[in-house]
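Take a look at the letters that make up each chain.
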Amino acid sequence: QLQASGGGLVQAGGSLRLSCAASGRTFSSYVMGWFRQVPGKEREFVATISRSGGYTYYSDSVKGRFTISRDNAKNTVYLQMNSLKPEDTAVYYCAATRSLSTAVTLTTSSKYDYWGQGTQVTVSS
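These lines cover the structure that appears in this document, whether it is placed above or below. Computed from a predicted model, the values in this text were never measured in an experiment. (Residues numbered from 1 in each chain as written. Predicted model: local features only at pLDDT ≥ 70, side-chain atom pairs only at ≥ 80, totals over all residues. Heavy atoms only, no water.)

### Digging into the packing of aromatic side chains
- Evaluation of the coordinates by the stated rule reveals seven aromatic pairs.
- Ring centres of Y30 and Y114 lie 5.9 Å apart, and the angle between their planes is 80°; this geometry places the pair in the edge-to-face category. Taken together, the positions of Y30 in the loop between β3 (16-22) and β4 (31-37) and Y114 in strand β10 (residues 114-115) put the pair 84 residues apart, joining distant regions of the chain.
- Overall, Y30 belongs to the buried group, its relative accessible area being 11%.
- Through pairs of rings, three or more aromatic residues link up here, namely F35, F45, Y57, Y93, Y112 and W115.
- Lying across the ring of Y93, R43 places its NZ or CZ 3.7 Å from the centre.
- When the ring centre of W115 is taken as origin, the NZ or CZ atom of R43, which lies over that ring, is 4.8 Å away. (Phe/Tyr/Trp six-rings, centres within 6.5 Å; stacked < 30°, edge-to-face > 60°. Helix = DSSP H or I, 4+ residues; strand = E, 2+ residues; numbered from the N terminus. Buried < 20%, exposed > 50% of the residue type's maximum accessible area, 1.4 Å probe, protein only. Lys NZ or Arg CZ within 6 Å of the ring centre and 35° of its normal.)

And the structure:
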C-alpha cells in the first residue's frame, strides 16, 4: 500500500516536497515513480528512481526543477519540487513496479503495479 502526502497550494516559484510511504518489508525491491494527472488528460510521467536510488530519470518538463529520492530504511520515496509553475498543477501519484526493465523505460503508467491515492498540487500564478 502506498500513501502519498505533502500536496497543497503554493505560489508560482515556490516549492513543495511530496512523500510516499509504503507498507511492507520489500520496498527496496521496487522501482518507484511519480506521475501526475489533470482532469481530462492522461496520467503523465514525472520521474522514476531505481531500487537503490542510484539512478533517476525525469520528464523534460520537470528536469532541473524536481528531484526524486528514496529512503529504503523508511520505506519512503520523495519528490522535491522547486520553481513550481502553474502548469505543474495536478494530482500527483506515486507508483511502484517490480519490473526488471531499466528505469529509463518505465515512463508509462501501465508498467506500474501499485498506486497511491494521489495528492493535489495547486500552483497559483
